[in-house]
Structure formats: structure tokens, C-alpha cells
Amino acid sequence: AILNGNFRNVQIEMEKTVLLKHDKPWYIEWKSEGAWYDNTDGALLFSESNQSVNSNCYLYRRYQSEFIAFGMALNGKYYNYGVSLKQNGINGIDEHTYRIENRVFDDGPNMPFLLVDGKEIGAMNHHWIGGTDQKKAVDWLNGRDLVFKYMGTSPHTIGDCRIEYIKVSEDGSEKEITDEKDNFYW
């Protein structure tokens, strides 16, 4: 349920699919606070599928806000590529505005970058398997289009957090996903 922006066991199918092409300057922005712990070790803010299944791409928020990552489930493992909040001195439980911007470089490659409260934190390329730090950068997002139809999955529902708003730009035009009554539309 969502009550006054507070999430608990939330899983939503959006009316319209979010398509983020690797060769476009897209962004995702949201303002939130909380531990992001509901039923598991974190929540899938956006997901391709309504379940955490093989080949599902997602945007993951680790519980206690350790890191934010894009990733894919494969053969029972979760391959995550993102930025550590904890290692950058950010208490993700506190209220912050998060923005992930896809940057397309003149020579062709792309890379999403995380900004927190307007400050650039880093490229979304640090690698974890599940929550285990692989201590290396991986260029997994370069050349990869992302498609999201759901917010929250089974069992990675969104909960123990408050989200004030979510905005997505697929092509430079801004669309807000929530309205004043916390109804999600897209």
C-alpha cells in the first residue's frame, strides 16, 4: 500500500512501459527516504518483469541504502552495476534527491551516472553479485537499452520508505510518474 508517500509491500504494473535507450540522454529522478527493506534485501524500483526471475533487468535499491544499481538476474544470481552510497559517505536512509543520468559520449559509448542532491557521485559501473562487492568496475550498461514495466517485484517489493516523487525522461521530455495523491501512472 501507499499512504501519503509511504510504501509498504508495493508492486505496481505501469500503464506504459519505460524505454531507456542507450544512445539517448535519459534520466530517472526520485526523492525518497527510508531503509528500503520490505520482504527481502532491498527493492526493485523499476523492473522488466513482475517477478525476480532469470533475465529480468531492474533498477535495485539495496536495503539500508548501501548501493543503487542496475542489474540482471541470471541463474539464481543477481548481477548489479551501480554506485555505493555507503562508501561515498551518503546516509541513504535520510531524505535525498537521486538522479541517474545517461550520458552519451561523442565517440559512441554511454554510461549512466548517479547524482545525489545535485552532486555527481559516480558512474554506474561498480560491480556486485547480490550484495557481495566484486571490487571492480564493469561497463555492463554501455550499449544496453533498459525496458521497465513494473515498480517492485515478487519478492522484491518496495517498502519501508517514503517516495515524494519519481520523474523519468526517455527523450528529454520530463514525465512525472506520481500525482499529488500518490497515484502512479505513466
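The rules behind these values
Residues numbered from 1 in each chain as written. Predicted model: local features only at pLDDT ≥ 70, side-chain atom pairs only at ≥ 80, totals over all residues. Heavy atoms only, no water. Buried < 20%, exposed > 50% of the residue type's maximum accessible area, 1.4 Å probe, protein only. Helix = DSSP H or I, 4+ residues; strand = E, 2+ residues; numbered from the N terminus. Pairing = 2+ DSSP bridges. Salt bridge = Lys/Arg side-chain N within 4 Å of Asp/Glu carboxyl O.

## Section: the pairing of strand S6 (residues 57-62)
A large share of S6 lies buried, amounting to six of its six residues. Alternating residues of S6 divide into Cys57, Leu59 and Arg61 and Tyr58, Tyr60 and Arg62, and every residue in both groups is buried. Judged from the five bridges that link them, strand S5 (residues 42-47) and S6 form a sheet pairing that is antiparallel. Considered in S6, the bridge of Leu44 is made with Tyr60. Inspection of the sheet shows S6 paired to strand S7 (residues 67-74) by five bridges, in the antiparallel sense. Opposite Leu59, over in S7, you have Phe70 as the bridge partner.

## Some words on the pattern of salt bridges
Pairing is possible between side chains that carry opposite charge, provided their charged atoms lie close to one another. Under the defined criterion, the tally for this structure stands at eight salt bridges. One salt bridge connects Arg62 with Asp41, and the closest N-O pair in it is separated by 3.1 Å. Of the two residues, Arg62 sits in strand S6 while Asp41 sits in the loop between strand S4 (27-34) and S5, which places them 21 residues apart along the sequence. Residue Arg62 is classed as buried on the basis of its relative accessible area, which comes to 10%. The exposure class assigned to Asp41 is partly exposed, which follows from its relative accessible area of 30%.

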